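Examination of the molecular architecture
So you can see what is in the structure, the chains are spelled out below.
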Amino acid sequence: MKPSLIAAIAVGFSVSLGAQWLTQPTAGLPRTADGKPNLNAPAPRAPDGKPDLSGLWLKVSPKYSRNIAADLKPDDIQSWARTLVDARREDLGKDYMNVRCVPLGPGYATAADSTGAEMMKIVQTPTLILILNPDLTYRQIFLDGRTLESAPNPNWMGYSVGHWDGDTLVVESNGFNDRTWLDHDGHPHTERLRTTERYRRRNVGNLDLEMTFTDPGAYAKPWTVAVRAELAADTEMIEWVCNESPHGVEHWVGKASDERKGEVQVPPAILAKYVGTYVEQPPFWRNAARVVQITVADGKLVADMDGRGKVTLVATSNTEFAGLYGLGVGFIDDGAGGLFVKHVSGNYRFARK
């Protein structure tokens, strides 16, 4: 079961669907002749001439939300950090932040697949930008010329200052405590972490973000990931309240390796039929289609969803497999009919390319 679902069981949702302005038209948004938001219109400008990043944004980060280090080589990650990631995976991610009901810290920008972090609301002024999250956390990005402290008091959300580089907002942050993970897989960071974010609004409907991580306490070199966000027009953000408590985790038993206890051997000829690329069909799990690449290595199926990293699947029958980042996989008609990615919320069908 996904950590976000465990957290959802353990908390209350402050939702009254009739009073959340879920269909409230977004004021000032350019529209087409039929009244729909014109998301391809030029990016708006603030009164000071800078690009206006204000709005409610739906984050899209299928790859890095799961594995922030997907583009790194193993040696780029210090041995203690690799060992800790393995231990967190084996423990089914029970200490992930929204399971424990604590802030995601530096992970908010890329954690689009986490309950309470799917959206962000940006409020922009000339000297201060606020980023509001559904879980009631927030960030302050100061544009008043101040610089980061050299020895800040560590906290959950860190400290951020920004400046404009042409039409790009550049945000420097430090001062994070080391109690958060950078992704669902459990990549850690130390209090030496420093991040640089570069926000650019391509047009009304699209916001691009490049985020660079520098942490010599855990990683051999800085690295940069690219994610994006889509404007959530004509709606409003719903709060998601989580009280700090491990309640419910006591029912979350077992280890990731338990999946292998019932593993069966599948003939190579059958495995070969499943090799290919599979694309998610509507309705999607999130707001974009996921892609699963299936290969064979050492007599077993290997899967990679959205470039998150290759994982070896565990066969429970000739057609059913476990081990896709905690999800199940079921093949249809030798793969010709596609596959199902199985989650507690339902089975999501993928068509073979």
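Described in the following lines is the structure provided in the data block. Everything numeric in this text was worked out from a predicted model, so none of it was measured.

A closer look at the side chain of R66
On the secondary structure map, R66 appears in the loop between β1 (55-60) and α2 (79-90). Among the residues examined, R66 registers a relative accessible area of 12% and is labelled buried. Residue contacts for R66: discarding those within four places in its chain leaves D183, H184, D185, R308 and Y325.

Structural notes on the state of the cysteines
The tally for this structure, following the rule as stated, stands at one disulfide. The disulfide that involves C101 links it to C242, with 1.9 Å between the sulfurs. Its S-S torsion of about -55° marks the bond between C101 and C242 as left-handed, since a negative value means left-handed. A residue pair is termed long-range when its members are at least 10 positions apart, and C101 in the loop between α3 (97-100) and β2 (119-124) and C242 in the loop between β9 (223-231) and α4 (268-274) qualify at 141 residues.

Some words on the layout of surface pockets
A volume near 420 Å³ is recorded for the second largest pocket. Forming the walls of the second largest pocket are 22 residues, and the residues nearest its centre are T26, A27, S54, G55 and L56. For the lining of the second largest pocket, the secondary structure elements donating two or more residues are β1 and β2. Considering only residue class, the lining of the second largest pocket consists of 12 nonpolar, six polar and four charged.

Regarding the packing of aromatic side chains
Enumeration according to the criterion identifies eight aromatic pairs in this entry. Measuring from centroid to centroid gives 6.1 Å for Y274 and F321, while their planes differ by 85°, and the two rings are edge-to-face. Of this pair, Y274 sits in helix α4 while F321 is found in strand β15 (residues 320-324), placing the two residues 47 residues apart along the sequence. Arranged with centres 5.7 Å apart and planes meeting at 90°, the rings of F321 and F331 form a pair that is edge-to-face. Of this pair, F321 sits in strand β15 while F331 sits in strand β16 (residues 327-331), and the two are 10 residues apart along the sequence. Overall, F331 belongs to the buried group, its relative accessible area being 7%. By way of ring pairs, the aromatic residues Y274, Y278, F321 and F331 are connected into one cluster. The aromatic ring of F142 is capped on one face by R146, whose charged end is 3.7 Å from the ring centroid.

Thoughts on the pattern of salt bridges
Scanning the entire structure with this criterion turns up 24 salt bridges. Of the charged contacts in the structure, one is a salt bridge between E230 and R228, with a shortest N-O distance of 2.7 Å. D334 is paired through a salt bridge with K273; the nearest N and O atoms lie 3.7 Å apart. One end of the pair, D334, is in the loop between β16 and β17 (339-343); the other, K273, is in helix α4, and 61 residues separate them in sequence.

Things to note about the sheet that holds strand β8 (residues 206-214)
Within the closed barrel, the nine strands sit side by side as β1-β2-β3-β4-β5-β6-β7-β8-β9. Their pairing is mixed. Strand-to-strand twist of the sheet, defined as the mean angle between neighbouring strand axes without regard to direction, takes the value 30°. Summarising the sheet, strand β6 (residues 168-174) and strand β7 (residues 194-203) pair through five bridges and their orientation is antiparallel. Of the residues in β7, the one forming a bridge with S173 is T195.

Remarks on the sheet that holds strand β14 (residues 314-315)
Pairing between the strands of a sheet comes from backbone hydrogen bonds, and it takes one of two forms, parallel or antiparallel. Pairing within the open sheet is antiparallel, and its nine strands lie in the order β13-β12-β11-β10-β18-β17-β16-β15-β14. For this open sheet the edge positions go to β13 (311-312) and β14, each flanked by a neighbour on one side alone. As judged from the six bridges shared by strand β11 (residues 291-297) and strand β12 (residues 300-305), these two strands associate in the antiparallel manner. Across the sheet, the residue bridging to I294 is A303, located in β12.

Notes on α2
Compared with the 16 Å implied by 1.5 Å per residue over 12 residues, the 17 Å span of α2 between its first and last C-alpha is a close match. The complete set of buried residues in α2 reads A81, V85 and R88. Taken down its axis, α2 places every buried residue within 65° of arc, on the same side. A positive phi of about 65° marks L92, the residue just after α2.

Cut-offs applied
Residues numbered from 1 in each chain as written. Predicted model: local features only at pLDDT ≥ 70, side-chain atom pairs only at ≥ 80, totals over all residues. Heavy atoms only, no water. Helix = DSSP H or I, 4+ residues; strand = E, 2+ residues; numbered from the N terminus. Buried < 20%, exposed > 50% of the residue type's maximum accessible area, 1.4 Å probe, protein only. Contact = heavy atoms within 4.5 Å. Disulfide = S-S within 2.5 Å. 1 Å grid on protein atoms, 1.4 Å probe; cavity = no way out; pocket = protein on both sides within 12 Å on 5 of 7 lines; lining within 4 Å. Points joined across faces, edges and corners; volume = space filled by probe spheres on them. Nonpolar A, V, L, I, M, F, W, Y, C, P; charged D, E, K, R; others polar. Phe/Tyr/Trp six-rings, centres within 6.5 Å; stacked < 30°, edge-to-face > 60°. Lys NZ or Arg CZ within 6 Å of the ring centre and 35° of its normal. Salt bridge = Lys/Arg side-chain N within 4 Å of Asp/Glu carboxyl O. Pairing = 2+ DSSP bridges. Axes fitted to C-alpha atoms, helices over the stretch in contact; angles between N-to-C directions. Expected span 1.5 Å × (residues − 1). Arc of directions from axis to C-beta.

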